[in-house]
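What follows is the residue order along each chain.
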Amino acid sequence: MTIEIRRFSSAQPDYAQQMDTLLAWEAVSDAQVQKTVSDIVFDIRTRGDAALIEYTNKFDRMNVSSMAQLELNQEQLQKALDELPAERRTALLLAAERVRAYHEKQKQDSWDYTEADGTLLGQKVTPMDRVGIYVPGGKAAYPSSVLMNAIPAHVAGVQEIIMVVPTPDGELNQLVLAAAAAAGVSRVFTVGGAQAVAALAYGTETVPGVDKIVGPGNIYVATAKRMVFGQVGIDMIAGPSEILVVCDGKTDPDWIAMDLFSQAEHDEDAQSILVSTDADFLDAVKASIDKLLPTMERAEIIRTSLTERGALIHAQSDADAIAIINRIAPEHLELSVEDPQAWLPAIRHAGAIFMGRYTAEALGDYCAGPNHVLPTSGTARFSSPLGVYDFQKRSSLIMCSADGASELGKTASVLARGEFLTAHARSAEYRIKD
Ligand SMILES: NC(=O)c1ccc[n+]([C@@H]2O[C@H](COP(=O)([O-])OP(=O)(O)OC[C@H]3O[C@@H](n4cnc5c(N)ncnc54)[C@H](O)[C@@H]3O)[C@@H](O)[C@H]2O)c1
Ligand SMILES: N[C@H](CO)Cc1c[nH]c[nH+]1
Ligand SMILES: [Zn+2]
């Protein structure tokens, strides 16, 4: 079985155009999706629970008549954790522990310093009161995403973590429930899509309004998050998963083919790209792809993803490969090379960097420790992995001594009068010593 995958070289004349075509992706664009989501958000805002129940019945093929049927209690979550088969329970708890240990390192503390005249300046770091985590559940269940969203919030000190997760046809995934118990989620509602995002943003009679909504989701979720931003904070607009593998040609091509499959299997829109300076190695990986694809459960999704959005790129040099990395700013970068540390200083944009032949990206998705909610579609140019810092906010601290107020007052007065803001000037001047 052979499949078509786009292949090109950085030496060919239309290379820049090839890259533009390969990377063209607009996460939230379709006017029809915008209209659908805007109607849903308005409806939830004005009709609350009643609308949430209606949309859940409609989109998740449910048949409920009250919000009580759309909330899971702590006993259900704990029971799911207690009753998991031992192997799964051990794996889940180990992953949770590793994710927690990693995120503990991210915690930011308050700080201050005192100037010579006794004036204190600083920053007070405070966790958010209540956050919403969106756990996707339309096409697949993601217990790992429960951990990745809830644990950093918990580490930050957020008191209330409200989770939403769609359960199409009313099917509960026990691993998702168990992960919610392991991660310390406060409440779980089995709702999803734009209606869940709107409910978290504006609150309904039953779902508490939150301060920030985080977590990945499909285009309806992403569009809704963008729409409610301002009412609440959001983490990022995450698009389909991506992986860029850069290989020196010395890793087993079967390993690399499977690494490409690992993200392609998420979604037809996922993007898997391989870059190598070794053209023969690109051929070898292509042969592995053709050989291994029929063995995959999600072969059709992988095929579509690789055919529509995948690529094998021949780079002319390592420097060339690095330029490609920085142009793509991938969500996941796998550096399958002899000395990945040597590459690091030149890499400027990537959500997560997996270094060396042994570091499969899949380890990061589940249990290495760093977060798997990462900037996609080139947004690693300006944003970072989900982390504890997403759940903390900062307040500036200013406490002037009498001498400090007198000195600063002179400067403030001059600038305030320059802006013709007399009250500002006089407020500062009252505190200037004679
Ligand atoms: N970046 C990450 O960390 C990460 C992790 C896991 C999953 N993901 C991605 O998240 C996405 C999950 O998507 P999903 O669809 O499986 O689950 P989802 O939970 O995001 O979306 C399901 C919801 O979409 C809504 N919906 C579906 N069709 C609709 C329609 N026609 N009109 C209005 N609403 C509609 C429904 O309300 C449904 O509950 C995938 O793209 C996956 O790759 C990303
Ligand atoms: N690769 C996804 C983030 O892009 C996360 C995930 C969850 N489960 C498996 N993978
Ligand atoms: Zn994944």
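Residues numbered from 1 in each chain as written. Chains lettered and ligands numbered in written order. Predicted model: local features only at pLDDT ≥ 70, side-chain atom pairs only at ≥ 80, totals over all residues. Heavy atoms only, no water.

As recorded by an unreviewed UniProt entry, the protein chain carries the name Histidinol dehydrogenase and is attributed to Thalassolituus hydrocarboniclasticus. What UniProt records for the protein chain under Catalytic activity (unreviewed entry) is the sentence "L-histidinol + 2 NAD(+) + H2O = L-histidine + 2 NADH + 3 H(+)". Here is the UniProt Function (unreviewed entry) comment for the protein chain, exactly as written: "Catalyzes the sequential NAD-dependent oxidations of L-histidinol to L-histidinaldehyde and then to L-histidine." (UniProt positions renumbered as here; feature names shortened; annotations may be inferred.)

Undergrad: Summarise the UniProt feature "active site" (unreviewed entry) in the protein chain; cite the residues concerned and give the values.
TA: Here, UniProt's "active site" (unreviewed entry) annotation points to Glu 331 and His 332. By secondary structure assignment, the location of Glu 331 is in the loop between helix H13 (318-328) and strand S13 (332-336). Take Glu 331: its relative accessible area is 5%, and that puts it in the buried class. Dropping the residues within four chain positions of it, Glu 331 is found in contact with Pro 240, Ser 241, Glu 242, Ala 350, Gly 351, Ala 352, His 372, Leu 374, Pro 375 and Thr 376. For Glu 331, the side chain forms a polar contact with the side chain of His 332, separated by 3.4 Å. Note on placement: His 332 falls in strand S13. Setting aside residues no more than four positions away along its own chain, His 332 makes contact with Glu 242, Ile 243, Leu 244, Gln 263, Ala 352, Phe 354, Glu 361, Asp 365 and Leu 374. (Helix = DSSP H or I, 4+ residues; strand = E, 2+ residues; numbered from the N terminus. Buried < 20%, exposed > 50% of the residue type's maximum accessible area, 1.4 Å probe, protein only. Contact = heavy atoms within 4.5 Å. Polar contact = N/O pair within 3.5 Å; in protein donor to acceptor, adjacent residues only side chain to side chain.)

Undergrad: Report on the UniProt feature "binding site: Zn(2+)" (unreviewed entry) in the protein chain, specifying residues and quantitative values.
TA: Here, the residues flagged by UniProt with the feature "binding site: Zn(2+)" (unreviewed entry) are Gln 263, His 266, Asp 365 and His 424. What stands out for the annotated residues spanning 162 residues is how far apart their C-alpha atoms range, the widest pair being 56.7 Å apart. Note that His 266 resides in the loop between helix H10 (253-264) and strand S11 (271-276). Residues contacting His 266, with those up to four places away along its chain left out, are Tyr 142, Ser 241, Arg 298, Ile 301 and Asp 365. Positionally, His 424 belongs in helix H17 (residues 422-429).

Undergrad: Give me the nonpolar core: which residues, what numbers.
TA: In this structure, Met 163 and Val 185 are the most contacted members of the largest nonpolar core, which totals 42 residues. For this core, the secondary structure elements donating two or more residues are helix H4 (74-82), helix H5 (86-104), strand S5 (130-134), helix H6 (143-156), strand S6 (160-164) and helix H7 (174-183). Discounting residues that sit within four places of it in the chain, Val 185 has contacts with Gln 74, Ile 133, Val 146, Ala 150, Ile 161, Met 163 and Ala 180. If you look at the next biggest cluster of nonpolar residues, it comprises 32 residues, including Tyr 134, Val 191, Val 197 and Ala 199. (Core = buried A, V, L, I, M, F, W, Y, C linked by side-chain atoms within 4.5 Å.)

Undergrad: Requested: an account of unusual backbone geometry, with residues and values cited.
TA: If you check the backbone angles, Arg 61 has positive phi at about 50 degrees while not being a glycine. You can see Arg 61 is positioned in the loop between helix H3 (49-59) and strand S2 (71-72). Unusually for a residue other than glycine, Phe 420 sits at a positive phi of about 60 degrees. Structurally, Phe 420 is set in the loop between helix H16 (402-418) and H17.

Undergrad: Explain the site of ligand 1 to me, and be specific about the residues and the numbers.
TA: The environment of ligand 1 is made up of 23 residues, and the closest members are Asp 60, Tyr 134, Lys 139, Asn 218 and Asp 267. Contacts to ligand 1 include Asp 60, whose side-chain N or O atom sits 2.7 Å from an oxygen atom. One nitrogen or oxygen atom from the side chain of Tyr 220 is found 3.2 Å from a nitrogen atom belonging to ligand 1. Of all the secondary structure elements, the ones that give two or more residues to the shell around ligand 1 are helix H8 (193-202) and helix H9 (219-228). Partitioning the shell around ligand 1 into residue classes produces 9 nonpolar, 10 polar and 4 charged. (Near = heavy atom within 4 Å. Nonpolar A, V, L, I, M, F, W, Y, C, P; charged D, E, K, R; others polar.)

Undergrad: Explain the pairing of strand S4 (residues 120-127) to me, using residue names and the numbers behind them.
TA: Pairing analysis gives 4 bridges linking strand S3 (residues 111-114) to S4, with the strands arranged antiparallel. Directly across from Asp 112, in S4, lies its bridge partner Gly 122. Connecting S3 to the next strand, S4, in antiparallel fashion are 5 residues, including Gly 118 with a positive phi near 95 degrees. Sheet analysis places S4 next to strand S15 (residues 392-399), joined by 8 bridges and oriented antiparallel. By the bridge assignment for S15, Pro 127 is matched with Gln 392. (Pairing = 2+ DSSP bridges.)

Undergrad: With reference to specific residues and values, describe the confidence of the model for the protein chain.
TA: Taken as a whole, the protein chain shows an average pLDDT of 97; of its residues, 99% reach a score of 70 or greater. In the predicted assembly, ipTM is 0.98 and pTM is 0.95. (pLDDT = per-residue confidence, 0-100.)

Undergrad: Now, about the coordination of the zinc ion (ligand 3): what can you tell me, with residues and values included?
TA: When a metal carries six donors in an octahedron, the ideal angles between them are 90 or 180 degrees, while four donors in a tetrahedron ideally lie at 109.5 degrees. Coordination sphere of the zinc ion (ligand 3), protein contribution only: His 266 (NE2) and Asp 365 (OD), at 2.1 Å. Coordination at the zinc ion (ligand 3) comes from 4 donor atoms whose angles at the metal span 88 to 177 degrees, giving a geometry best classed as irregular. Pair noted here: His 266 is in the loop between H10 and S11 and Asp 365 is in helix H15 (residues 361-366), with a separation of 99 residues, a long-range link. Overall, the relative accessible area of 25% leaves His 266 in the partly exposed class. (Donors = N, O, S within 2.8 Å, 3.2 Å for Na, K, Ca; no water. Tetrahedral: all angles 85-135°; square planar, octahedral: opposite > 155°, others 65-115°.)

Undergrad: Tell me about the sheet that holds S4, and please be specific about residues and values.
TA: Spatially, the 3 strands line up as an open sheet ordered S3-S4-S15, and their pairing is antiparallel. Sheet topology places S3 and S15 at the edges, where each strand pairs with a single neighbour. Direction aside, the axes of adjacent strands within the sheet are offset by 15 degrees on average. (Axes fitted to C-alpha atoms, helices over the stretch in contact; angles between N-to-C directions.)

Undergrad: Let's hear about the site of ligand 2: which residues, and what values?
TA: By nearness alone, every residue bordering ligand 2 is listed as Tyr 142, Ser 144, Ser 241, Gln 263, His 266, Glu 331, His 332, Glu 361, Asp 365, Tyr 366 and His 372. At 2.9 Å from an oxygen atom of ligand 2 is found a side-chain nitrogen or oxygen belonging to Ser 241. Between His 266 and ligand 2, the recorded distance is 3.0 Å, taken from a side-chain N or O atom to a nitrogen atom. If ligand 2 stood free it would expose 290 Å²; the protein chains cover 91% of that surface. Looking at the shell around ligand 2 element by element, the count peaks at 3 residues for H15. Here the residues of the shell around ligand 2 sort into 2 nonpolar, 6 polar and 3 charged. (Areas by Shrake-Rupley, 256 points an atom, 1.4 Å probe, with all protein chains shown as cover.)

Undergrad: So what about the packing of aromatic side chains? Which residues, and what values?
TA: This model, assessed by the stated rule, comprises 4 aromatic pairs. Judged by centre distance (6.0 Å) and plane angle (5 degrees), the ring pair of Tyr 55 and Phe 59 falls under stacked. One end of the pair is Tyr 55 and the other is Phe 59, both in helix H3 and 4 residues apart, which spans about a single turn. Judged by its relative accessible area of 13%, Tyr 55 is buried. Note on Phe 59: relative accessible area 37%, which makes it partly exposed. Ring centres of Trp 111 and Tyr 113 lie 6.4 Å apart, and the angle between their planes is 5 degrees; on these two criteria the pair is classed as stacked. (Phe/Tyr/Trp six-rings, centres within 6.5 Å; stacked < 30°, edge-to-face > 60°.)

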